[in-house]
2 protein chains.
Amino acid sequence: MKKMIIASTSTVYGSSYLEYLLPTLKTFFKGVHTLVFIPFARPGGVSYDGYTEVVQKAFSKIDINVKGVHEYNNVNDAILNAEAIFTGGGNTFELVNQLYKNDIIDTLKKVINNGTPYLGTSAGSNICGISMMNTNDMPIVYPPSFVTLGCIPFNINAHYLDPIEGSKHMGETRETRIKEYHVFNEVPVLGLREGSWLSVEGNSITLKGEHSARLFQQNLKPVELESGVEVALR
Amino acid sequence: MKKMIIASTSTVYGSSYLEYLLPTLKTFFKGVHTLVFIPFARPGGVSYDGYTEVVQKAFSKIDINVKGVHEYNNVNDAILNAEAIFTGGGNTFELVNQLYKNDIIDTLKKVINNGTPYLGTSAGSNICGISMMNTNDMPIVYPPSFVTLGCIPFNINAHYLDPIEGSKHMGETRETRIKEYHVFNEVPVLGLREGSWLSVEGNSITLKGEHSARLFQQNLKPVELESGVEVALR
């Protein structure tokens, strides 16, 4: 049975990396000894080793060993044989580029659908949807496709931001951008605020954390989903 | 001689469409009767006709007639024969997608380099650089390439925003995103604040408007360029 945690962010303001999620992760990853970490999104251009160290530090608090997928001779086998998988945040374009370059999109999708526990934060959450078309990231590399895992039947907008009242900035609000997306595409989009995450168990997807989430569907008014409810599309 | 105005935004807070630029445009487009407008970026998903109407309304104040490039039977000929060209803002991914679909990238580049006066705002400015890799827009469509006109020797980040002091949001700042870009790319990036524009005359590129601009070059500290100075790369 599919088992995923899809989080808006790794870090909430004023706390350390993954801190707010650790109690949840302790239960979620119960029995897991070694987690395979996918560091491809490289936040701030950090090295794969440097990023993996940060993740190891957080997971050592719940007695889980972390190994970067780049440390394995065969990346595909590493994914196939993983007890559990975590894809960290950073730049979604570079993450997706590397998933294609390493040819592991299909394998990743398969093992997640078969029940390998999966954690994603930010860019690592964006890739769980149908496409990466609702990322906020800058297109700093050109990936061979925007199509992603499709392990959930909608797209994620991580770090969802409400319009800032009284702002004098003329750049588009997040809501405007997602509405533009729906001029060209049908796939629903869930705006996940920082501190929120989705808990996926098989086909059931439940919103968790301290905030509501904003669901955008083509030709429908956006709706707020309260924490604790199942995400139900029209 | 190349003659371009490359503006961060069409509209500054509290004034109407293009209003702040009209005195400049009156001189810049002196002698032009009909401007060819490229509406492909479709802000908010507006129709080509609807967008062209907005632009016509602004340009009628300086007695210039506007015709949307989509109104011509042959888009390529429309660009080739244009007295002057304006590409408006909206979504850069869709704009670039349509430039490729209509196969006018090379023609547009040629006529601009040969001296057809060109105005770009926002997405219409992003395409003047080497690539669209520093857009802030959401990747709502997948264009065949991120390579753009290359009429200036660096990329534009339109609507440049300084980090918001005291923000609790954990999404990346604009500066962080541009620094990530320079992990993977060498092309310099100019962060143009709303209300600023570049005036291009041949190979001379001068910053105009009320703000300084922030120049990012790989492996160098970002620098502030004052309004009125020529943009000089290292």
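Reference entry: report on the structure contained in this document. Given the structure is predicted, the values throughout are model-derived calculations rather than measurements.

1. Observations concerning the pattern of salt bridges
Pairing is possible between side chains of opposite charge, provided their charged atoms come close. Going through the model one piece at a time under the given rule, you end up with 14 salt bridges over all chains. Ionic pairing is found between Arg-177 of chain B and Asp-137 of chain A, a salt bridge with its closest N-O pair at 3.4 Å. Pair noted here: Arg-177 of chain B is in helix H7 (residues 174–184) and Asp-137 of chain A is in the loop between helix H6 (123–126) and strand S6 (155–157), and the two residues belong to different chains. On the accessibility criterion, Asp-137 of chain A (7% relative accessible area) is buried. The shortest N-O distance in the salt bridge between Glu-224 of chain B and Arg-193 of chain B comes to 3.0 Å. Of this pair, Glu-224 of chain B sits in strand S11 (residues 223–225) while Arg-193 of chain B is found in the loop between strand S7 (189–191) and strand S8 (196–201), placing the two residues 31 residues apart along the sequence. Look at Arg-193 of chain B and you get buried, because its relative accessible area is 11%. Members of the salt-bridge network, linked through shared partners, are Asp-162, Glu-175, Lys-179, Arg-193, Arg-214 and Glu-224 of chain A.

2. Digging into the relation of the copies chain B and chain A
Rotating chain B by 180 degrees and moving it 0.0 Å along the rotation axis overlays it on chain A with an RMSD of 0.0 Å. Here the two chains are linked by the operation of a two-fold rotation axis. The fraction of interface residues of chain B whose copies in chain A are also interface residues reaches 100%, indicating that both copies meet through the same surface.

3. Side note on the sheet that holds S6 of chain A
All names here are of chain A. The 4 strands lie next to each other as S6-S7-S10-S11, forming an open sheet whose pairing is mixed. Sheet topology places S6 and strand S11 (223–225) at the edges, where each strand pairs with a single neighbour. Neighbouring strand axes in the sheet, compared pairwise and without regard to direction, differ in orientation by 30 degrees on average.

4. Quick notes on the sheet that holds strand S6 (residues 155–157) of chain B
In a beta sheet, neighbouring strands pair by backbone hydrogen bonds and run either parallel or antiparallel. Residues and elements named next belong to chain B. An order of S6-S7-S10-S11 is seen for the 4 strands of this open sheet, with the pairing classed as mixed. The open sheet terminates on both sides in strands that have one partner only, identified here as S6 and S11. The sheet shows a mean angle of 30 degrees between the axes of neighbouring strands, taken without regard to direction. Where S6 lies against S7, 3 bridges are found, and the strand directions are parallel. Across the sheet, Asn-157 pairs through a bridge with Gly-191, a residue of S7. Packed onto the sheet, H7 meets S6, S7 and strand S10 (213–216) and runs at close to 25 degrees relative to S10.

5. Regarding unusual backbone geometry
A positive phi angle, close to 45 degrees, is found at Arg-42 of chain A, a residue other than glycine. Mapped onto the secondary structure, Arg-42 of chain A falls in the loop between strand S2 (34–38) and helix H2 (48–60).

6. Notes on the pairing of strand S8 (residues 196–201) of chain A
Residue and element names in this part refer to chain A. Burial runs high along S8: 5 of the 6 residues are buried. Where strand S1 (residues 3–7) meets S8, 5 bridges bridge the pair, whose relative direction is antiparallel. By the bridge assignment for S8, Lys-3 is matched with Glu-201. Relative to strand S9 (residues 204–209), S8 runs antiparallel, the two being bridged by 6 bridges. Counted as the bridge partner of Glu-201 is Ser-204 from S9. Counting the residues between successive antiparallel strands, the hairpin from S8 to S9 contains 2 residues, one of them, Gly-202, with a positive phi of roughly 60 degrees.

7. Some remarks on the interface of chain B and chain A
On the side of chain A, 45 residues touch chain B, which itself brings 45 residues to the contact. When chain B packs against chain A, the two sides together hide about 3800 Å² of surface, and 66% of this comes from carbon and sulfur. Where chain B meets chain A, there are 21 residue pairs in polar contact (both at pLDDT 80 or more). Elements that contribute at least two residues to the side of chain B that touches chain A include exactly helix H4 (92–101) and H7 of chain B. For the side of chain B that touches chain A, the leading source of residues is H7 of chain B, giving 7 residues. Tallied by class, the residues present in the side of chain B that touches chain A amount to 20 nonpolar, 16 polar and 9 charged.

8. Comments concerning the nonpolar core
Membership of the largest hydrophobic core comes to 104 residues, with the highest contact counts inside it found for Leu-198 of chain A together with Leu-198 of chain B. In this structure, Leu-198 of chain A is in contact with Met-4, Ile-5, Ile-6, Ile-152, Phe-154, Ile-156, Leu-190, Leu-192, Ile-205, Thr-206, Leu-207 and Val-231 of chain A, ignoring residues within four places of it in sequence.

9. Some words on the environment of Lys-26 of chain B
By the secondary structure assignment, Lys-26 of chain B is in helix H1 (residues 22–28). Along the backbone, Lys-26 of chain B and Ile-64 of chain B are 38 residues apart, and their C-alpha atoms lie at a distance of 9.0 Å.

The rules behind the values
- Residues numbered from 1 in each chain as written.
- Chains lettered and ligands numbered in written order.
- Predicted model: local features only at pLDDT ≥ 70, side-chain atom pairs only at ≥ 80, totals over all residues.
- Heavy atoms only, no water.
- Salt bridge = Lys/Arg side-chain N within 4 Å of Asp/Glu carboxyl O.
- Helix = DSSP H or I, 4+ residues; strand = E, 2+ residues; numbered from the N terminus.
- Buried < 20%, exposed > 50% of the residue type's maximum accessible area, 1.4 Å probe, protein only.
- Least-squares fit on C-alpha atoms with pLDDT ≥ 70 in both.
- Contact = heavy atoms within 4.5 Å.
- Pairing = 2+ DSSP bridges.
- Axes fitted to C-alpha atoms, helices over the stretch in contact; angles between N-to-C directions.
- Buried area = accessible area lost by both parts, 1.4 Å probe.
- Polar contact = N/O pair within 3.5 Å; in protein donor to acceptor, adjacent residues only side chain to side chain.
- Nonpolar A, V, L, I, M, F, W, Y, C, P; charged D, E, K, R; others polar.
- Core = buried A, V, L, I, M, F, W, Y, C linked by side-chain atoms within 4.5 Å.

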